[in-house]
Protein chains: 2
Amino acid sequence: MGSKTVTFVRPTLRFSSGLPSPGRFGKSAILIHDRAISRHLKGFSAWVAKFPAAYGVEGGEALKDLNAFPAHMTRILALADRFSAKDLTIVVAGGGSVGDFGGFVASILKRGVQLVQIPSTWLSAIDSAHGGKTALNLGTVKNQIGTYYSAREVHLVRSVLLAQGPDRIRDALGELAKIALIDGGRRWAGLAKGNDTGAALLWKWLPEAIDAKYRVVVRDPYEQKRIRQVLNLGHTLGHILEAHYRLSHGVAVAQGLLFAVEWSRKKRLLSETAYEPVAELLYGRCGFRSLAGTPGFRPIPLRRFLALARSDKKRFSATRVTFIFLRKPGQTRLENVEIEAFAAEARAQGWLA
Amino acid sequence: MGSKTVTFVRPTLRFSSGLPSPGRFGKSAILIHDRAISRHLKGFSAWVAKFPAAYGVEGGEALKDLNAFPAHMTRILALADRFSAKDLTIVVAGGGSVGDFGGFVASILKRGVQLVQIPSTWLSAIDSAHGGKTALNLGTVKNQIGTYYSAREVHLVRSVLLAQGPDRIRDALGELAKIALIDGGRRWAGLAKGNDTGAALLWKWLPEAIDAKYRVVVRDPYEQKRIRQVLNLGHTLGHILEAHYRLSHGVAVAQGLLFAVEWSRKKRLLSETAYEPVAELLYGRCGFRSLAGTPGFRPIPLRRFLALARSDKKRFSATRVTFIFLRKPGQTRLENVEIEAFAAEARAQGWLA
């Protein structure tokens, strides 16, 4: 972050059953929204129409393409031109890609305007809408451009989240389990024991999961120490699976969690006593199963695995990746492991040919 | 700035007679440099070649065009790919446009990397390289996109500054006089009295001018209060002249200063006693003369003047601009004046048809 000394301020969280009144964001609010929401949620278009200005986009990684950015920004600047720069507020309603894009826009429009996030997917509600990371992609290389820019408010709206198809619920379970394992402690005891499922489970645990993420983020908001890196639990393999099998992020993270937990157990970093409740949460409560070895499964060629591991932008060096092991819920261990050792374990767990 | 609480950290200033050793910026330094410097400064190309990576650009407003940005960023990311993100440093050698562009790149590359500025023009050395503003343009609308991102170091290199043509000296005199009037006090007594001219004058007063700017910037680095706005002294008319007559920024600001001082005097905000040394500095020491009414001068049509005044992105409202008056050196007064009153004064001083 250059020579900036920056204090991260947590956004205000607002949980509500329905959409917030557009009026609360002032007369200079521009809504950036995923057009897909209107297709699922009755009344959303009418809500959009109440904003002083609105910009509809199609969510997805293509939205974050740097090459498409000038055209988007030109249209958003034309909308912003009607308002005084001082009170400008960008309200973003959408999933992870729309949040990354809209947050980036807010951070560079007139050198930064107010930002409000209304995540529309469980995955963004539980994870990406929090912590102030914004991002664009360059071709297939993700998130190489971006800013740290915290929202002023994040609205968690039940009707918006419930409007998603049930397949999006699975996407968030991996991140929920991840943050529960990282955070640990008695507050998570109810998670493994409960019998809620699906949307009810996610809505119930959303406040706890978000709080747990902020507990990590505030200690290292700009990733200058290695503290925030623990949030990468399950992601080192997860990102490789996401890229190779084109899995959704959430599903890939769930697979990566199983991998990290099993490797931690094998290395005896995670004791058998500590392993038991972790396995109960992942295999039992969440119902995760390793895809490696299932019918129709095709392992990743070694060469491809190594190339993907080496292109990990969070890799430690040319030959090592920082892997997050679990010692017990609430306690992780970062190790810079040789990519060869990482590949050997992936082979042992059935991922490599 | 959304919900960020940010403390501005002054960069380290380094005054030197020759270029700093490229090695001091580490093994992951990318130099962004104005190719024009090599055409003026012997040995510059050899210095460039010593950087781990270098990206040459042509300075000027076209460099800051948002539509050209993806192509630039793609090439810079390809260079950055060789290095670990953690130690990446962007070193920028160039004038105002290159500094704005390179600073913006550093602020969004991998969510922000180290930044070092080596201003190559007197104008950037005295003004734009300091204060952390970065910017891109959208078509002819300037600086609508950008970040606040402070450099870690700013190097003021005598040989680089001396390599410019003497016509660039005039560009910086307006900003020097401006900051002297804003800052005031005994430390500037020597400026009006001295008999240095040209580059010697600028080099001598550079540390004092930079210090004076930081004294303002640190009190309002993100322009949230109205404190930093005093740096706009002379710029309200200046920007209009710059756009209409295509004057250089420095020359336009000098004209704007004369206008602001004469208007302040007419309104009796600036007493006759206080006016005298100010006039001595501007008309005497700096040799500024109003262009309005000189042979060949063509006044600005009223309609055009009003359109330019209304498109001022720092305007206070649809009908008013914030004008910076001078009460005495070291004391300014901000007034939100009607654009009609501003136009009437411009007519009185000979600028309008």
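See above for the structure.
Residues numbered from 1 in each chain as written. Chains lettered and ligands numbered in written order. Predicted model: local features only at pLDDT ≥ 70, side-chain atom pairs only at ≥ 80, totals over all residues. Heavy atoms only, no water.

Colleague: Any details on the overall build of chain A? Residues and values, ideally.
Modeller: Looking only at helices and strands, chain A features 14 helices and 11 strands. In terms of C-alpha radius of gyration, chain A reaches 20 Å, essentially the compact-globule figure of 20 Å for 353 residues. Along the first, second and third principal axes, the C-alpha atoms of chain A reach 60 × 45 × 45 Å. Going through the 353 residues of chain A one by one, you find that 57% of them count as buried. (Helix = DSSP H or I, 4+ residues; strand = E, 2+ residues; numbered from the N terminus. Rg over C-alpha atoms; globule rule 2.2 N^0.38 Å. Buried < 20%, exposed > 50% of the residue type's maximum accessible area, 1.4 Å probe, protein only.)

Colleague: Could you give an account of the environment of A:Ala49, naming the residues involved and the relevant values?
Modeller: Residue and element names in this part refer to chain A. Position of Ala 49 relative to the elements: it lies in helix H2 (residues 44-49). With a relative accessible area of 62%, Ala 49 lands in the exposed category. C-alpha separation for the pair Ala 49 and Leu 31, spaced 18 residues apart in sequence, amounts to 9.6 Å.

Colleague: Outline the packing of aromatic side chains, listing residues and values.
Modeller: Under the definition given, this model contains 40 aromatic pairs over all chains. Both rings, one in B:Trp263 and one in B:Phe342, keep their centres 6.3 Å apart while their planes meet at 10 degrees; by these two values the pair is stacked. One end of the pair, B:Trp263, is in helix H11 (residues 249-266); the other, B:Phe342, is in helix H14 (residues 339-348), with 79 residues separating them in the sequence. Note on accessibility: B:Trp263 and B:Phe342 belong to one class, buried. Looking at A:Arg265, its charged tip hangs above the ring of A:Tyr275, at a distance of 3.8 Å from the centre. (Phe/Tyr/Trp six-rings, centres within 6.5 Å; stacked < 30°, edge-to-face > 60°. Lys NZ or Arg CZ within 6 Å of the ring centre and 35° of its normal.)

Colleague: Can you break down the relation of the copies chain A and chain B residue by residue, with the values?
Modeller: For the pair chain A and chain B, the relating rotation is 180 degrees, the translation along its axis is 0.0 Å, and the fit reaches an RMSD of 0.0 Å. Here the symmetry operator amounts to a two-fold rotation axis. Residue by residue, 100% of the interface of chain A is reproduced at the interface of chain B, so both copies engage with the same surface. (Least-squares fit on C-alpha atoms with pLDDT ≥ 70 in both. Contact = heavy atoms within 4.5 Å.)

Colleague: Describe the packing of helix H7 (residues 167-183) of chain A against helix H12 (residues 272-285) of chain A, with residues and values.
Modeller: All names here are of chain A. Across the interface, H7 lies against H12 with an axial gap of 11 Å and an inter-helix angle of 170 degrees. Between H7 and H12, the interaxial angle falls into the category roughly antiparallel. Between H7 and H12, the contacting residues are Ala 177, Ala 180 and Leu 181 on the first element and Val 278, Leu 281 and Leu 282 on the second. Of the residues in the contact of H7 with H12, the class split is six nonpolar, no polar and no charged. (Axes fitted to C-alpha atoms, helices over the stretch in contact; angles between N-to-C directions. Parallel < 35°, antiparallel > 145°, perpendicular 65-115°, else oblique. Nonpolar A, V, L, I, M, F, W, Y, C, P; charged D, E, K, R; others polar.)

Colleague: Kindly report on the interface of chain A and chain B, identifying the contributing residues and their values.
Modeller: Contact with chain A, which involves 40 residues of that partner, is made by 40 residues of chain B. Across the interface of chain A and chain B, roughly 3,700 Å² is buried in total on both sides, 54% from carbon and sulfur atoms. One can count zero salt bridges joining chain A with chain B. Counting across the interface, chain A meets chain B through six residue pairs in polar contact (both at pLDDT 80 or more). At the level of elements, strand S1 (5-7), helix H3 (69-80), helix H4 (96-108) and strand S8 (141-145) of chain A are the ones that each hand at least two residues to the side of chain A that touches chain B. It is H3(A) that provides the largest number of residues to the side of chain A that touches chain B, a total of five residues. When grouped by side-chain class, the residues that make up the side of chain A that touches chain B number 19 nonpolar, 15 polar and six charged. (Buried area = accessible area lost by both parts, 1.4 Å probe. Salt bridge = Lys/Arg side-chain N within 4 Å of Asp/Glu carboxyl O. Polar contact = N/O pair within 3.5 Å; in protein donor to acceptor, adjacent residues only side chain to side chain.)

Colleague: Can you explain the side chain of A:Ser124? Please cite residues and give values.
Modeller: All names here are of chain A. Note that Ser 124 resides in helix H5 (residues 122-128). Ser 124 sits in the buried class, given a relative accessible area of 2%. Reaching out from Ser 124, the side chain makes a polar contact with the side chain of Thr 121 at a distance of 2.7 Å.

Colleague: Outline the pattern of salt bridges, supporting the account with residue identities and numerical values.
Modeller: Two side chains with opposite charge may pair up if their charged atoms get near one another. Residues and elements named next belong to chain A. Tallied over the entire structure, the rule returns 46 salt bridges over all chains. Between Arg 152 and Glu 153 there is a salt bridge whose closest N-O contact spans 4.0 Å. Residue Arg 152 is classed as partly exposed on the basis of its relative accessible area of 24%. A relative accessible area of 9% places Glu 153 in the buried class. Several salt bridges converge on common partners, so that one network encompasses Glu 61, Lys 64, Asp 100, Lys 142 and Glu 242.

Colleague: For the sheet that holds strand S4 (residues 53-57) of chain B, give the residues involved together with the corresponding values.
Modeller: Residues and elements named next belong to chain B. Here six strands make up an open sheet; going across it, the order is S2-S9-S6-S5-S3-S4 and the pairing parallel. Each edge of the open sheet carries a strand with a single partner, namely strand S2 (12-16) and S4. Across the sheet, the axes of successive neighbouring strands diverge by a mean angle of 15 degrees, strand direction being ignored. Strand contacts of helix H4 (residues 96-108): strand S3 (29-34), S4, strand S5 (89-94) and strand S6 (114-119), with the helix running at about 170 degrees to S5, the strand carrying the most contacts. Packed onto the sheet, helix H9 (residues 198-217) meets S2 and strand S9 (153-157) and runs at close to 175 degrees relative to S2. (Pairing = 2+ DSSP bridges.)

Colleague: Quick one: what's the story with helix H9 (residues 198-217) of chain A, residue by residue and with numbers?
Modeller: Residue and element names in this part refer to chain A. Compared with the 28 Å implied by 1.5 Å per residue over 20 residues, the 27 Å span of H9 between its first and last C-alpha is a close match. The axis of H9 is deflected most strongly, by about 50 degrees, at Leu 206, and proline Pro 207 appears within four residues downstream. Listing the buried residues of H9 in full gives Ala 199, Leu 201, Leu 202, Trp 205, Leu 206, Ala 209, Ile 210, Ala 212, Lys 213, Tyr 214, Val 216 and Val 217. (Expected span 1.5 Å × (residues − 1). Bend = angle between axes of the 7 residues up to and from the residue.)

Colleague: I'd like to hear about the pairing of strand S10 (residues 320-328) of chain A, residue by residue, with values.
Modeller: All names here are of chain A. Where S10 and strand S11 (residues 331-338) come together, eight bridges link them in antiparallel fashion. From the neighbouring strand, Ile 324 faces S11, where its bridge partner is Leu 334. Between S10 and S11, which pair antiparallel one after the other, the connecting turn spans two residues, and Gly 330 there sits at a positive phi close to 95 degrees.

Colleague: An account of the nonpolar core is requested, with residue identities and associated values reported.
Modeller: Judged by nonpolar contacts, the single largest core of 213 residues is most densely connected at A:Ile90, A:Phe305, A:Phe342, B:Ile90, B:Phe305 and B:Phe342. Once you skip the residues sitting within four places of it in the chain, B:Phe342 turns out to touch B:Thr236, B:Leu237, B:Ile240, B:Phe259, B:Trp263, B:Phe305, B:Ala309, B:Val321, B:Phe323 and B:Val337. (Core = buried A, V, L, I, M, F, W, Y, C linked by side-chain atoms within 4.5 Å.)

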